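So the chains spell out like this:
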Amino acid sequence: MRIDVVTIFPGYLAPLREALLGRAIGSGLLDVAVHDLRDWTHDVHQAVDDSPYGGGPGMVMRPQVWGDALDAVLAADERPARLVVPTPAGRPFTQADAHAYAAEERLVFACGRYEGIDQRVVDHYADALPVDEISIGDYVLVGGEVAVLVVVEAVARLLPGVLGNPRSAAEDSFSDGLLEGPSYTRPEVWRDRPVPDVLRSGNHGAIARWRRDRALERTVARRPDLLAALPPDALDKKDRAL
Ligand SMILES: COC(=O)c1ccnc(N)c1
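Residue positions within a chain follow its written sequence, with the count starting from 1. With pLDDT at 70 or above as the cut-off, local features in this predicted model cover only qualifying residues; side-chain atom pairs require 80 or more to be listed or tallied, and sums for whole chains, interfaces and linings still use all residues. Where side-chain values are given, they derive from all heavy atoms of the structure, hydrogens and water being excluded.

Colleague: Would you mind showing me how to read the packing of aromatic side chains here?
Modeller: Within a pair of aromatic rings, the relevant descriptors are the distance that separates the centres and the angle that separates the planes. Geometry of aromatic contacts follows a simple scheme: Phe, Tyr and Trp rings, the Trp one being its six-membered ring, pair when their centres are within 6.5 Å, and the pair is stacked under 30 degrees between planes, edge-to-face over 60, tilted otherwise. Applying the stated criterion across every chain yields a total of 3 aromatic pairs. Here the aromatic rings of Phe 93 and Tyr 101 are separated by 5.8 Å at their centres, their planes lie at 45°, and the arrangement is tilted. Like Phe 93, the residue Tyr 101 is buried in the burial classification. Each residue gets one of three labels from its accessible area relative to the maximum for its type: buried under 20%, exposed over 50%, partly exposed in between, using a 1.4 Å probe on protein chains only.

Colleague: Please explain the nonpolar core as it appears in this structure.
Modeller: What tends to happen in soluble globular proteins is that the nonpolar side chains get buried as a cluster. The term nonpolar core refers to a set of buried residues drawn from Ala, Val, Leu, Ile, Met, Phe, Trp, Tyr and Cys, joined through side-chain atoms within 4.5 Å. Grouped together as the largest cluster of nonpolar side chains are 29 residues, with contacts concentrated most on Ile 3, Leu 30, Phe 93, Tyr 101, Leu 107, Phe 109 and Val 155. Secondary structure elements with two or more residues in this core: β1 (2-7), α1 (19-26), α3 (95-102), β6 (106-110) and α5 (145-156). Aside from chain neighbours lying at most four places away, what touches Ile 3 is Leu 30, Asp 31, Val 32, Ala 33, Leu 107, Phe 109 and Val 152. The way it works is that DSSP assigns letters per residue, a run of H or I at least four long becomes a helix, a run of E at least two long becomes a strand, and they are numbered from the N terminus. Residue contacts follow a heavy-atom distance rule, with two residues in contact if any of their heavy atoms lie within 4.5 Å.

Colleague: Would you mind showing me how to read the site of the ligand here?
Modeller: Near is defined per residue: the residue qualifies when any heavy atom it owns lies within 4 Å of the molecule or strand. Near the ligand lie 14 residues; those nearest to it are Ser 135, Ile 136, Gly 137, Tyr 139 and Leu 141. Between the ligand and Leu 141, the relevant distance is 2.7 Å, taken from an oxygen atom to a main-chain nitrogen or oxygen of the residue. Looking at the shell around the ligand, the element that brings in the most residues is strand β5 (residues 82-92), giving 3 residues. In this classification, the charged set is Asp, Glu, Lys and Arg, the nonpolar set is Ala, Val, Leu, Ile, Met, Phe, Trp, Tyr, Cys and Pro, and all remaining amino acids, among them Gly, are polar. Grouping the constituent residues of the shell around the ligand by class yields 8 nonpolar, 6 polar and no charged. Side-chain atoms alone can form a polar contact between residues adjacent in sequence; in general such a contact is a pair of N or O atoms within 3.5 Å, and within protein one must be able to donate a hydrogen while the other accepts it.

Colleague: Sorry if this is basic, but what is going on with unusual backbone geometry here?
Modeller: Excluding glycine, residues mostly carry a negative phi; peptide bonds, for their part, are mostly trans. The linkage connecting Arg 186 with the following residue, Pro 187, adopts the cis geometry, with an omega of 5°. Within the fold, Pro 187 resides in the loop between α6 (166-171) and β8 (189-190). In this model, Ala 19 sits at a positive phi of 45°, which is unusual for a non-glycine residue. With respect to the helices and strands, the residue Ala 19 is situated in helix α1. Within the chain, Arg 191 stands out as a residue other than glycine whose phi angle is a positive 50°.

Colleague: Is there a simple way to explain the pairing of strand β7 (residues 131-135) in this structure?
Modeller: One face of the sheet, then the other: side chains in a regular strand alternate in exactly this way. Burial within β7 is extensive, with 4 of its 5 residues counted as buried. In this structure, β5 lies alongside β7, joined through 6 bridges in parallel fashion. Bridge assignment links Pro 86 to a residue of β7, and that residue is Ile 134. Here a strand pair is declared whenever DSSP counts at least two bridges between the two strands.

Colleague: How do you make sense of helix α4 (residues 119-126) when you look at a structure like this?
Modeller: Side chains that are three or four residues apart share a direction in an α-helix, a result of its 3.6 residues per turn. Residues of α4 that are buried: Val 121, Val 122 and Tyr 125. What you see down the axis of α4 is that its buried residues fit within an arc of 95°, all on one side. Here the buried face of α4 lies against α2 (63-75), β5 and β7. Comment: arc refers to directions from the helix axis out to C-beta atoms.

Colleague: Please clarify how the pattern of salt bridges should be interpreted in this entry.
Modeller: Any two side chains of opposite charge can pair, given that their charged atoms come close. Throughout this description, the term salt bridge denotes a Lys or Arg side-chain nitrogen within 4 Å of a carboxyl oxygen of Asp or Glu. Going through the model one piece at a time under the given rule, you end up with 20 salt bridges. A salt bridge links Arg 113 to Glu 145; the nearest nitrogen and oxygen atoms lie 2.9 Å apart. Of the two residues, Arg 113 is situated in the loop between β6 and α4 and Glu 145 in helix α5; the sequence distance between them amounts to 32 residues. As a salt-bridge pair, Asp 236 and Arg 209 come within 3.9 Å of each other at their nearest N and O atoms. A residue pair is termed long-range when its members are at least 10 positions apart, and Asp 236 in the loop between α8 (224-229) and α9 (237-241) and Arg 209 in helix α7 (residues 204-222) qualify at 27 residues. Take Asp 236: its relative accessible area is 38%, and that puts it in the partly exposed class. Here the residues in one salt-bridge network are Arg 2, Asp 4, Asp 31, Asp 77, Arg 79 and Arg 106, joined through shared partners.

Colleague: Where do I start with the sheet that holds β7 in this structure?
Modeller: Spatially, the 5 strands line up as an open sheet ordered β2-β1-β6-β5-β7, and their pairing is parallel. The open sheet has two free edges, formed respectively by β2 (31-36) and β7, since each of these has just one partner strand. The sheet shows a mean angle of 30° between the axes of neighbouring strands, direction not considered. As defined by bridge partners, β1 adjoins β2 across 6 bridges and the pair is classed as parallel. Across the sheet, the residue bridging to Arg 2 is Asp 31, located in β2. Only the contacting stretch of a helix is used when fitting its axis, a line to C-alpha atoms as for every element, and angles between N-to-C directions run 0 to 180 degrees.

Taken by themselves, the reported measurements are silent on function.
Written out as structure tokens, the structure reads:
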């Protein structure tokens, strides 16, 4: 998979080259190219924004600069790409999106700042390729770069060969529509708090049931919306008895 990121702060994307993602890049599972949007400005001030039509606070990123940048970046590789624009006004990014993106040959991220990117940029490219405006949560950031780090990590960890144990991705939160339950490791007792006996019983059926019950309890308590979204046959009789 190739990932391109266009931003006015390339340094913000440096963490992509650390740890797990750095190893994925080093092993050729992932190509990452970060581009400075200002490379496509032509004025002495390298202006990337301008005041909004209709008035209002803040500045809007100029369509000409984004058009020149995205034309150049998209043309740099023949693989079909999906353009992803992180924005607080976007559709919520979910684990299902992470799986869908992990199947893409190429993702191009446009990092907006200020009050966002002139809407005509998204409208223009949506005529030529898939464009997603996505949000990573109900809050506003200063720029889209941090959201790109979140999305790239959520996607890259799903690529075959990136995670040491592929079962980790198969069994993590949201994989079965529920939040993951609590986890424990040694010591057996820590500050007078023991590990639940069932987890040391060796009874794999009882352990699986216990884990499912704890996941259901946590989901009911913290994310009842996820339960409501489950398909009708997702919960068995034992689940409902909880
Ligand atoms: C500038 O981008 C944002 O503020 C942003 C992007 C994606 N998700 C959010 N919740 C905010």
